[in-house]
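# Commentary on secondary and tertiary structure
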Amino acid sequence: MEESPQNGLNMTSPEEEDPLQSSSPRISVREFSCHCCYDILVNPTTLNCGHSFCRHCLALWWASSKKTECPECREKWEGFPKVNILLRDAIEKLFPDAIRMRYEDIQQNNDVVQSLAAFQKYGNDKILSASNTGRVNQQRGGGFFSGVLTALTGVAVVLLVYHWSSRESEHDLLVHKAVATWTAEEVVLWLEQLGPWASLYRDRFLSERVNGRLLLTLTEEEFSRAPYTIENSSHRRAILMELERVKALGVKPPQNLWEYKDLREPTWKQWREFLVKYSFLPYQLIAEFAWDWLEVHYWTSRFLIVNAMLLSVLELFSFWRTWSRSELKTVPRRMWSHFWKVSTQGLFVAMFWPLIPQFVCNCLFYWALYFNPIINIDHVVKEVRRLETQVL
C-alpha cells in the first residue's frame, strides 16, 4: 500500500519532464515511408508534385523508365530533384538506428550505387546545360531594357547605313585646314556640326557668302543683327564659344571620332594630365569633357554625364560587395587582371586602327555613346535589387 504512491510518482515524472510527448501522438516509422520501397525514407527527395521518395528509389525508377516523372502520380518534374534537407534531418534525428541500417544496405547493393551515380551525372549535365543557356540568355538580354536596347540598336544601324550610303563625296577634313582659307561651304559645314539647331542659320550664312576670313571678324553684336539675326542668346553664345576655339587653334576643333583619328599625337603634357585623371578619376574626366560641350551638344553631353554617374554608382556597388565579402585582398589581383584585359584590347585596336573603316568606327562609337547608359541603368537596377535581397 505504501509503494503505490511511490510508483505513481515514478510513472508521472517522465511526463512532467517531457509534456510534449504526453500531449502529442507517438510518431511511427510508417509515417516517413517511401512509396516505392515502403521503407523509411533515405535522403528524401521531394518532387514538384509534393511526393517524396528515397533518392536511390527515384534513381532506380529513372534508370529503368528513363522518364522524368513522379512514380506515383506521373506528373513531370522540372529541373533536377534535390534532397529535402529539412525532412532528411528530421528523419535522421527521429530514427537514427533505422537510417544507419538502411545506409549500410544501400552501400552494399552495386545496382543501387550505379543507379545513383548515373542519376547524379544526369543531374550535373542538366544543371550545366541550364546554366549555359541562362548565361547565353543573360548575354542576349532580358526584360524591358534589353528590348529598348535592341530596338534602338536596329534604328541606329539603319540610320548609319542610310547616312553612309547617301553621303556626298569625301571632303578635306577641316581639322587640317587653316580657318582663314575656308570657303563659304566649309563655314556652313562647320556651323552645321555644332548641332541640329545650327541648320536654322545655314541659308543666312550661305546668302552672305561668309568665308573663313569674314567668320573670324564677326562679333556677338553682328550675329544678333541682320542679316544673320540669331535671336536665341544660347545659340549665339555657342557659336561664339566655338569660334573662340577655332581662333585659338587656327583650325576646326575635332568633334567626331574620325576627326580625332586624323589628328597628330598628343603632347607629353597632355598625356601626363590625361593619365593622372584616367588612373584616379576616370569618370570625372568623362564628365568634365561632357560639361565643356553642354551648350553645344545638348543631348550627347547629358548622355555622357548620366553615364558617368551610373558608372560611379556601379563602382560603389562593386566596392561594397568586395568589402562585405571580405575580399579586399583580391582587389590588386582583380585590378591587374582588368588592366591586362584593357591593355590587350587597346593594343589590338591600335594595331588595326589605321585599317578600320569610318563607317565601322561611327557604328561602334555611337552605339557605345548612346546605348551604354541604358545598359548601365539595367545594371544599377539589378544591383539595387540584389542589395535589397541581401538586406531582407
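From a predicted model like this one, the values you see are computed outputs, not experimental measurements.

The rules we used
Residues numbered from 1 in each chain as written. Predicted model: local features only at pLDDT ≥ 70, side-chain atom pairs only at ≥ 80, totals over all residues. Heavy atoms only, no water. Helix = DSSP H or I, 4+ residues; strand = E, 2+ residues; numbered from the N terminus. Buried < 20%, exposed > 50% of the residue type's maximum accessible area, 1.4 Å probe, protein only. Contact = heavy atoms within 4.5 Å. Areas by Shrake-Rupley, 256 points an atom, 1.4 Å probe, with all protein chains shown as cover. UniProt positions renumbered as here; feature names shortened; annotations may be inferred. Salt bridge = Lys/Arg side-chain N within 4 Å of Asp/Glu carboxyl O. Axes fitted to C-alpha atoms, helices over the stretch in contact; angles between N-to-C directions. Parallel < 35°, antiparallel > 145°, perpendicular 65-115°, else oblique. Nonpolar A, V, L, I, M, F, W, Y, C, P; charged D, E, K, R; others polar. Phe/Tyr/Trp six-rings, centres within 6.5 Å; stacked < 30°, edge-to-face > 60°. Lys NZ or Arg CZ within 6 Å of the ring centre and 35° of its normal. Polar contact = N/O pair within 3.5 Å; in protein donor to acceptor, adjacent residues only side chain to side chain. Disulfide = S-S within 2.5 Å. pLDDT = per-residue confidence, 0-100.

A tally of regular secondary structure across the protein chain gives 18 helices and two strands. For the protein chain, the proportion of its 392 residues judged to be buried stands at 26%. Counting only contacts in the protein chain whose residues sit at least 6 apart along the sequence, the fraction spanning at least 24 positions is 61%. Counting every atom, the protein chain has about 27100 Å² of accessible surface; 60% of that belongs to carbon and sulfur.

Here the UniProt-annotated "transmembrane region" (unreviewed entry) positions come out as residues 144–164, 303–323 and 344–369. Across residues 303–323, the secondary structure splits into 100% helix and 0% strand, with the terminal C-alpha atoms separated by 30 Å. Summarising residues 344–369: 81% helix, 0% strand, and an end-to-end C-alpha distance of 22 Å.

Our next topic: unusual backbone geometry. Most peptide bonds are trans, and most residues other than glycine sit at a negative phi. Here the residue pair Ala 226 and Pro 227 is connected by a cis peptide bond, since its omega of 10° sits within 30 degrees of zero. When you line up the elements, Pro 227 lands in the loop between α11 (220–224) and α12 (233–249). Phi is positive for Arg 209, which is not a glycine, with a value near 50°. Locating Arg 209 in the fold gives a position in the loop between α9 (202–207) and α10 (212–217). Overall, the relative accessible area of 47% leaves Arg 209 in the partly exposed class. For Thr 229, which is not glycine, the phi dihedral falls at a positive 50°.

Here the focus is the environment of Tyr 283. Tracing the backbone shows Tyr 283 in helix α15 (residues 282–292). Classification of Tyr 283 by relative accessible area gives partly exposed; the value is 21%. The sequence separation of Tyr 283 and Leu 311 amounts to 28 residues, and the corresponding C-alpha distance is 7.3 Å. Each residue touching Tyr 283, except ones within four places of it in the same chain, is listed here: Ala 308, Leu 311, Ser 312 and Glu 315.

On to the pattern of salt bridges, then. Tallying each qualifying case throughout the model produces 14 salt bridges. The network of salt bridges with common partners includes Glu 192, Arg 202 and Asp 203.

In this section: the packing of helix α4 (residues 85–94) against helix α5 (residues 96–108). With their axes 5 Å apart at the nearest point, α4 and α5 run at an angle of 110° to one another. Classified by the interaxial angle, the pair formed by α4 and α5 is roughly perpendicular. Every residue of α5 that contacts α4 at Ile 91, Glu 92, Lys 93 and Leu 94 is listed here: Pro 96, Ile 99 and Tyr 103. By residue class, the composition of the contact of α4 with α5 is five nonpolar, no polar and two charged.

Evaluated as defined, the whole model comprises 13 aromatic pairs. When the centroid spacing of 5.3 Å and the interplanar angle of 40° are considered together, the rings of Trp 320 and Trp 323 count as tilted. With Trp 320 and Trp 323 both in helix α16 (residues 298–324) and three residues apart, this pair spans about one turn of that helix. On the basis of relative accessible area, Trp 320 is assigned to the partly exposed category, the value being 41%. Three or more aromatic residues link up through ring pairs in this structure, and these residues are Trp 62, Trp 77, Phe 80, Phe 119 and Tyr 122. We note Lys 66 situated over the ring of Trp 62; from NZ or CZ to the ring centre the distance is 4.3 Å.

By the burial criterion, the buried members of helix α8 (residues 184–192) are Ala 184, Glu 186, Val 187, Val 188, Trp 190 and Leu 191. The inward-facing, buried residues of α8 abut α9, α10 and α12.

A separate point is the side chain of Thr 45. Among the structural elements, Thr 45 can be located in strand β1 (residues 45–46). Given a relative accessible area of 0%, Thr 45 falls into the buried group. A polar contact is formed between the side chain of Thr 45 and the side chain of Arg 55, at a distance of 3.0 Å. What Thr 45 contacts, discounting residues up to four positions off in sequence, is His 51, Ser 52, Phe 53, Arg 55, Leu 58, Pro 81, Lys 82, Val 83 and Asn 84.

Looking at the secondary structure, you find Glu 383 in helix α18 (residues 358–391). Note on Glu 383: relative accessible area 15%, which makes it buried. Residue contacts for Glu 383: discarding those within four places in its chain leaves Leu 314, Phe 317 and Arg 321.

A word on the state of the cysteines. This structure, assessed with the given rule, holds zero disulfides. In this model Cys 57 remains outside any disulfide bridge; the closest cysteine sulfur is found in Cys 37, 3.7 Å from its own. Among the residues examined, Cys 57 registers a relative accessible area of 9% and is labelled buried. Between Cys 73, a free cysteine, and Cys 49, which holds the nearest cysteine sulfur, the sulfur-to-sulfur gap is 3.6 Å.

The next thing to look at is the confidence of the model for the protein chain. Counting all residues, the mean pLDDT for the protein chain is 77, and 78% of those residues have values of 70 or more. Here residues 1–24 scores under 50 on pLDDT; set against residues more than four positions off or in separate chains, the count is two contacts. Contacts from residues 167–171, a stretch scored under 50 in pLDDT, to residues over four places away or in other chains number three contacts.

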